[in-house]
Amino acid sequence: MIGETLRKERENQKLSVQDVEKGTSIRALYIEAIEQGEYDKLPGEVYAKGFIKNYGNFLNLDGDALVRQFIVEISPTITIPEEGQDPSQNSNETSKANIETKSADTKVRIPKRKEQPETSADDEEESIFASRKYLIAAVVLIAIFAGGLILHFSGGETEVAENQPQQQETQPVSTPENPNPEPQPAPQPPPPPAPPVSGVNLQATFSDDCWTQVVVDGSLVYEGMINAGQVFDWNANQNVYVVLGNAGAAQFVMNGQSIGALGGDGEVVDKIFVR
């Protein structure tokens, strides 16, 4: 038995099952199953062949020969051909024996041919005459059907031409004008011009934070930090004096006319606006 051969060789080499497991990467459970001949504990026949071959090669044995011996053990009816022998020889001999046995035991039955009834000459002539009669009738029916189609389509075109209504020229219909038109509103006169500004009106819109000082007609009206988004409106009789710590942060409009910024970002500018 293969397992006994492998076990004896392992013991002769003074190796343990754990030594074989480390050297072959085969689990100790499978090594013990091979040595005891318990092949049903292996994952399958393919794995069993691989384990046996690797185990034998690890012990310096002929792994291929062990695999062939394993096949004989699990299938004793299969004959493994020796090296140099034609493997088809045994199969041919077995096939021949099976064929001879089947030939001896099986009786070949040849079915009897059914006799066809004899046909007389009168029956043949009657059959030919009937087929010709049916052929003539079919040709006549086809001719009648084709003539009906031709008459149908030719008459249909005539009816379509007769029933087609004549196109009448349509004259444009004039729409009478509204006899009672609605009265149109009288045009409104243009608004009177705005009176001239007698003093100074100064508007400032801030887009960024800016320290600002404002003097109106010689009086200080504002001094401090103005935040972005605030809008101011100053009115004076004579003049408005403005000091900016960030001139680019404010846009000015004087008496309805845009002046824009008084300087650039971060630039300190002072300016007086007079009427």
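The sections below set out a description of the structure shown in this document.

Scoring rules and cut-offs
Residues numbered from 1 in each chain as written. Predicted model: local features only at pLDDT ≥ 70, side-chain atom pairs only at ≥ 80, totals over all residues. Heavy atoms only, no water. Helix = DSSP H or I, 4+ residues; strand = E, 2+ residues; numbered from the N terminus. Contact = heavy atoms within 4.5 Å. Areas by Shrake-Rupley, 256 points an atom, 1.4 Å probe, with all protein chains shown as cover. Pairing = 2+ DSSP bridges. Buried < 20%, exposed > 50% of the residue type's maximum accessible area, 1.4 Å probe, protein only. Axes fitted to C-alpha atoms, helices over the stretch in contact; angles between N-to-C directions. Patch = residues over 30% accessible without salt bridge, like charges linked within 9 Å, V, L, I, M, F, W, Y side chains within 5 Å. Salt bridge = Lys/Arg side-chain N within 4 Å of Asp/Glu carboxyl O. Parallel < 35°, antiparallel > 145°, perpendicular 65-115°, else oblique. Nonpolar A, V, L, I, M, F, W, Y, C, P; charged D, E, K, R; others polar.

Moving on: the overall build of the protein chain. Helix and strand content of the protein chain: 7 helices and 8 strands. Intrachain contacts of the protein chain at a sequence separation of at least 6 include 54% that bridge at least 24 residues. Here the protein chain has roughly 21500 Å² of accessible surface; of this, 53% comes from carbon and sulfur atoms.

Let us look at the pairing of strand β7 (residues 257-260). Pairing of strand β6 (residues 250-254) with β7, which is carried by 3 bridges, proceeds in the antiparallel orientation. Paired with valine 253 across the two strands is serine 258, which belongs to β7. What sits between β6 and β7 in their antiparallel hairpin is a turn of 2 residues, with asparagine 255 showing a positive phi close to 50 degrees.

On to the environment of glutamine 257, then. Looking at the element boundaries, glutamine 257 is found in strand β7. Taking the relative accessible area as the measure of exposure, glutamine 257 reaches 60% and is therefore exposed. In this structure the C-alpha to C-alpha distance between glutamine 257 and leucine 202, which are 55 residues apart in sequence, comes to 9.6 Å.

Pairing of strand β2 (residues 210-216) with strand β5 (residues 239-244), which is carried by 5 bridges, proceeds in the antiparallel orientation. Residue pairing across strands places valine 215 opposite tyrosine 241, the latter belonging to β5.

Strands in a sheet are paired, the pairing made by backbone hydrogen bonds, and the direction either parallel or antiparallel. One open sheet accounts for 4 strands, arranged β3-β2-β5-β8; its pairing is antiparallel. A strand with exactly one partner marks an edge of an open sheet, and here the two such strands are β3 (219-226) and β8 (269-274). Direction aside, neighbouring strands of the sheet carry axes that sit 15 degrees apart on average. Bridge analysis of β2 against β3 gives 7 bridges, and the strand direction is antiparallel. Bridging across to β3, threonine 212 finds its partner in glycine 224.

Taken together, the side chains of Ile136, Val140, Leu141 and Ile144 make up a nonpolar region of the molecular surface, amounting to roughly 410 Å² of accessible area. Residue position: isoleucine 136 is located in helix α7 (residues 121-163). For isoleucine 136, a relative accessible area of 56% puts it in the exposed group.

Here helix α3 (residues 28-36) crosses helix α4 (residues 45-58) at 90 degrees, and the two axes come no closer than 11 Å. Looking at the two axes, α3 sits roughly perpendicular to α4. Contacts between α3 and α4 pair Tyr30, Ile31, Ile34 and Glu35 from the former with Phe51, Ile52 and Tyr55 from the latter. Residues belonging to the contact of α3 with α4 are distributed by class as follows: 6 nonpolar, no polar and 1 charged.

A few words on unusual backbone geometry. With a phi angle near 55 degrees, lysine 14 is a residue other than glycine that sits in the positive phi range. By the element assignment, lysine 14 lies in the loop between α1 (2-12) and α2 (17-24). Judged by its relative accessible area of 74%, lysine 14 falls in the exposed class. One non-glycine residue, asparagine 255, lies in the positive phi region at around 50 degrees. Among the secondary structure elements, asparagine 255 is positioned in the loop between β6 and β7.

Relative to the assigned elements, aspartate 209 resides in the loop between β1 (200-206) and β2. With a relative accessible area of 39%, aspartate 209 lands in the partly exposed category. Distance in space between the C-alpha atoms of aspartate 209 and glutamine 230 is 9.3 Å, their sequence separation being 21 residues. Those residues in contact with aspartate 209, other than ones at most four positions away along the chain, are Met225, Ile226, Asn227, Ala228, Asn246 and Ala249.

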